[in-house]
Amino acid sequence: MSKASILQVEPGVLALAGVLDYSNGPALRQQGRALIGTAGADGLVLDCSGVEKSSSVGLSLLLAYLRDAKAAGKRLRMRALPQDMREIAQVCGLLELLPLEA
C-alpha cells in the first residue's frame with residue numbers, strides 16, 4: 001500500500017495521491033483543510049490523478065474539501081477523478097455535485 005498525501009504542487013494546484021482509506025482519511029482531512037485555507041489563489045484545482053485506490057473515504061474527503069473552500073471564499077475544481085471514486089459518487093447521487101474539470 002502506498003502512503004497517501006495531499007500537497008500543494010504549484011500555486012493554486014493541490015495533488016491528492018495514494019490509497020485513500022479509513023486509516024489515512026482523518027490526517028488527509030486536516031492537511032487538506034490547512035492547505036486550502038492558506039492557499040493564495042481564489043480558484044483552486046484538486047488533481048486526483050495520483051490516487052491509486054479509494055474507498056468512500058475519498059469521496060468524503062472531496063466533499064469536505066469543497067466545504068473548506070467555500071468557507072474560505074475560494075472555488076475548488078477537481079481534475080482527473082479516478083474511476084472508482086467516480087463510480088462511488090454516481091451510486092451515491094453525488095457526481096453532479098462535484099465540480100469536475102472537463
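Structure: see above.
Values in this document were obtained by computation on a predicted structure and should not be read as measured data.

(A) Region of the structure containing helix α2 (residues 56-71). Given a rise of 1.5 Å per residue, 16 residues ought to cover 22 Å, and the 23 Å separating the end C-alpha atoms of α2 matches this to within 8%. Looking at the buried side of α2, the elements it contacts are β1 (5-10), β2 (13-20), α1 (25-38), β3 (43-54), β4 (75-79) and α3 (83-91). Following α2 by one or two positions, Gly 73 has its phi on the positive side, about 75 degrees.

(B) Local environment of the environment of Leu 97. Structurally, Leu 97 is set in the segment after α3. Overall, Leu 97 belongs to the exposed group, its relative accessible area being 53%. Separated by 20 residues in sequence, Leu 97 and Arg 77 have C-alpha atoms that sit 11 Å apart.

(C) View of the environment of Ser 23. Summarising the element assignment, Ser 23 is placed in the loop between β2 and α1. Separated by 19 residues in sequence, Ser 23 and Ala 4 place their C-alpha atoms 9.8 Å apart. Engagement of the side chain of Ser 23 in a polar contact is seen with the side chain of Asp 21, the distance being 2.6 Å.

(D) Geometry of unusual backbone geometry. The backbone phi angle of Ala 80 is positive, close to 60 degrees, even though this residue is not glycine. Relative to the assigned elements, Ala 80 resides in the loop between β4 and α3.

(E) Representation of the sheet that holds β4. Spatially, the four strands line up as an open sheet ordered β1-β2-β3-β4, and their pairing is mixed. The strands lining the two open edges of the sheet, one partner per strand, are β1 and β4. Each neighbouring strand pair of the sheet contributes to a mean axis angle of 25 degrees, computed without reference to strand direction. Two elements, β3 and β4, share five bridges in a ladder whose sense is parallel. Bridge pairing in β4 links Leu 46 to Met 78. Against the sheet, α1 makes contact with β1, β2 and β3, and its axis sits at roughly 25 degrees relative to β1, the strand it touches most.

Thresholds applied
Residues numbered from 1 in each chain as written. Predicted model: local features only at pLDDT ≥ 70, side-chain atom pairs only at ≥ 80, totals over all residues. Heavy atoms only, no water. Helix = DSSP H or I, 4+ residues; strand = E, 2+ residues; numbered from the N terminus. Expected span 1.5 Å × (residues − 1). Contact = heavy atoms within 4.5 Å. Buried < 20%, exposed > 50% of the residue type's maximum accessible area, 1.4 Å probe, protein only. Polar contact = N/O pair within 3.5 Å; in protein donor to acceptor, adjacent residues only side chain to side chain. Pairing = 2+ DSSP bridges. Axes fitted to C-alpha atoms, helices over the stretch in contact; angles between N-to-C directions.

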